[in-house]
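Structural features, examined
So you can see what is in the structure, the chains are spelled out below.
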Amino acid sequence: MSTLVQNLVTENVSVVEGDTAIISCRVKNNDDSVIQLLNPNRQTIYFRDMRPLKDSRFQLVNFSDNELRVSLSNVSLSDEGRYVCQLYTDPPQEAYANITVLVPPGNPLIEARDQILQEGNQTEMTCTAMSSKPAATIRWMKGDKELPGKPRVELTYDKMYTVTSRLTFTVGREDDGVPVICIVDHPAVKDFQAQKYLEVQYKPEVKITVEFPQGLTREGENLELTCLSKGKPQPQRVSWVKVDDDMPPHAVIIGADLYIENLNKSYNGTYRCTASNSVGESFDDYVLYVYDSRAGEGAARAMDHAVIGGVVAVVVFAMLCLLIVLGRYFARHKGTYFTHEAKGADDAADADTAIINAEGGHTNSEEKKEYYI
């Protein structure tokens, strides 16, 4: 008769500091052998369902022939170690459960070397995750793009880990208002992060728009240009000049707008709008070319004449086609008429009879038929 082998099992436990750990000693095929749980110092915590150790943080969760399950509340770092599940057999069996206590880091601290940046400059940020166990890892995100940092890990006197990551990068105007996020990864916490928004100053962007006229600039007309500028800080100064020449006498500048009345060809040239702020200045150019007062009209008239000529050609072609069709129709029916007229002359004995038959052949034929009947 064979005897079933008793098998004692348990598992390692990871628990966050201050939480509750569950230690389970299980036996397969138990033959009423005693199960007990020992602490790392091999002191008996539970013997069957009795607790010799005077530590009320240990509580019995379940006891049966096949399991001894114990909870340990308010876990601290001093509770770490190897716990022993023991089964009184001959020889005794032991299984080991290691309790690992996780200590989450404090709130991440993010610091920036520069509070206000200018486009094209390099800046540096640091993020620190203090007093954790095990050591945390730090990732950096600028907007939706991940950036590489340089981490440094320190082991403190209380056997905790402090991690500092340093990030260096160059900013552009597109980074203004974008968050830089420090993300701390640790088995004891999720979504642990800190962020700082970038403030980037940049020189103006300048663009000239034509408010009037919408088409060609002709002699005698007026011209209105607007200089649009955007920068950080917002440009406070906008100026207009005519490159390599003086402004026309009729030019009026009001803020960012340039007005020129009664255009003539002497006003031709390049007009430049310049906007500046504390970072720098930028400009945009508009090239003015004044056309004759009737410029563009000839082309429009030629186009009208071409359209009219095309319509006339289509109408004439349609009429010709109609005449051809009608001519062929009448020609076909006229031939048929002559054919019917000649039927009476084909059978005549002489010319006089043929003429008589041709003139009234059908009537005479009917009369002959009546006379015969």
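Residues numbered from 1 in each chain as written. Predicted model: local features only at pLDDT ≥ 70, side-chain atom pairs only at ≥ 80, totals over all residues. Heavy atoms only, no water.

1. A look at a nonpolar patch on the surface
What counts, and what does not: Excluding any residue in a salt bridge, patches collect residues exceeding 30% relative accessible area, merging like charges within 9 Å and nonpolar Val, Leu, Ile, Met, Phe, Trp and Tyr side chains within 5 Å. For the area figures, the Shrake-Rupley method with a 1.4 Å probe applies, and any residue is considered shielded solely by the protein chains shown. Basic side-chain nitrogens of Lys or Arg form a salt bridge, by our definition, when they fall within 4 Å of a carboxyl oxygen of Asp or Glu. Only runs of H or I of at least four residues qualify as helices and only runs of E of at least two qualify as strands under DSSP, and these elements are numbered from the N terminus.
There is a patch of nonpolar side chains on the surface, built from Ile308, Val312, Val316, Leu320 and Leu323 and spanning about 470 Å² of accessible area. Relative to the assigned elements, leucine 323 resides in helix 1 (residues 297-341).

2. Structural notes on the pattern of salt bridges
Applicable threshold: Buried, partly exposed and exposed residues are distinguished by accessible area as a fraction of the type maximum, computed with a 1.4 Å probe on protein chains only: under 20%, between the cut-offs, and over 50%, respectively.
Per the counting criterion, the structure on display carries 18 salt bridges. Between aspartate 285 and arginine 272 there is a salt bridge, with its nearest N and O atoms 2.8 Å apart. In this pair, aspartate 285 sits in strand 25 (residues 281-288) while arginine 272 sits in strand 24 (residues 269-276), placing the two residues 13 residues apart along the sequence. Of the residues examined, aspartate 285 reaches a relative accessible area of 32% and is grouped as partly exposed. The partly exposed category is assigned to arginine 272, whose relative accessible area is 24%.

3. Structural notes on the confidence of the model for the protein
Note the following rule: pLDDT measures how confident the predictor is about each residue, on a scale from 0 to 100. Contacts are assigned to residue pairs that have any heavy atoms within 4.5 Å of one another.
This prediction gives the protein a mean pLDDT of 85; 82% of its residues lie at or above 70. When pLDDT is averaged over each helix and strand of the protein, the minimum, 42, is found for helix 2 (residues 351-372) and the maximum, 98, for strand 16 (residues 161-170). Here residues 335-345 is a poorly scored stretch, pLDDT under 50, and it has 6 contacts once near neighbours within four places are set aside; other chains count. Taken together, the stretch residues 358-373 has pLDDT below 50 and engages in 5 contacts with residues farther than four places along the chain or on a different chain.

4. Re the pairing of strand 22 (residues 251-254)
In plain terms, the rule: Here, any two strands with at least 2 DSSP bridges between them count as paired.
As paired strands, strand 22 and strand 23 (residues 257-260) are joined by 4 bridges and run antiparallel to one another. Note that in strand 23 the partner of isoleucine 254 across the bridge is aspartate 257. Counting the residues in the hairpin turn of strand 22 and strand 23 gives 2 residues, including glycine 255, whose phi is positive at 65°.

5. A short note on the sheet that holds strand 19 (residues 200-212)
Ordered in space as 11-19-20-23-22, the 5 strands form an open sheet in which the pairing is mixed. Each end of this open sheet is capped by a strand with a single partner; those strands are strand 11 (117-118) and strand 22. Of the strand pairs in this sheet, strand 19 and strand 20 (residues 223-232) are connected by 8 bridges, and their pairing is antiparallel. What sits directly across from glutamate 205, in strand 20, is lysine 230.

6. Things to note about the environment of tryptophan 240
Quick note on the threshold: The definition of a polar contact used here is a pair of N or O atoms within 3.5 Å, where within protein one atom must be able to donate a hydrogen and the other to accept one, and adjacent residues in sequence count solely through side-chain atom pairs.
Position of tryptophan 240 among the secondary structure elements: in strand 21 (residues 237-242). Placed 31 residues apart in sequence, tryptophan 240 and tyrosine 271 show a C-alpha to C-alpha distance of 7.1 Å. Polar contacts involving the side chain of tryptophan 240 include one to the main-chain carbonyl oxygen of alanine 256, which spans 3.2 Å.

7. Describing the environment of leucine 147
Counting through the fold element by element, leucine 147 comes out in strand 14 (residues 145-147). Considered as a pair, leucine 147 and phenylalanine 169 are 22 residues apart in the sequence and their alpha carbons are 8.5 Å apart. Excluding anything up to four places from it in sequence, leucine 147 contacts Trp140, Lys142, Leu167 and Phe169.

8. Some details on the environment of leucine 38
By the element assignment, leucine 38 lies in strand 4 (residues 35-38). Once the C-alpha coordinates of leucine 38 and arginine 82 are considered, the two residues, 44 residues apart in sequence, prove to be 9.1 Å apart. Once you skip the residues sitting within four places of it in the chain, leucine 38 turns out to touch Gln43, Thr44, Ile45, Tyr83, Val84 and Gln86.

9. A short note on the packing of aromatic side chains
Condition: For Phe, Tyr and Trp, rings pair up if their centres lie within 6.5 Å, where Trp contributes its six-membered ring, and each pair is then called stacked (planes under 30 degrees apart), edge-to-face (over 60) or tilted (otherwise). Geometrically, a lysine NZ or arginine CZ counts as sitting over a ring once it is within 6 Å of the ring centre and also within 35 degrees of the ring normal.
Taken as a whole, this structure holds 2 aromatic pairs when the rule is applied. For the pair phenylalanine 47 and tyrosine 88, a centre-to-centre distance of 6.1 Å together with 75° between the ring planes defines the contact as edge-to-face. Placement of the pair is phenylalanine 47 in strand 5 (residues 44-47) and tyrosine 88 in the loop between strand 8 (81-87) and strand 9 (93-102), with a sequence separation of 41 residues. With centroids separated by 4.8 Å and ring planes inclined at 75°, the aromatic side chains of tyrosine 289 and tyrosine 291 adopt a geometry described as edge-to-face. Its relative accessible area of 47% is what places tyrosine 289 among the partly exposed residues. The lysine or arginine in question, arginine 82, covers the ring of tyrosine 96, its NZ or CZ lying 4.0 Å from the ring centre.

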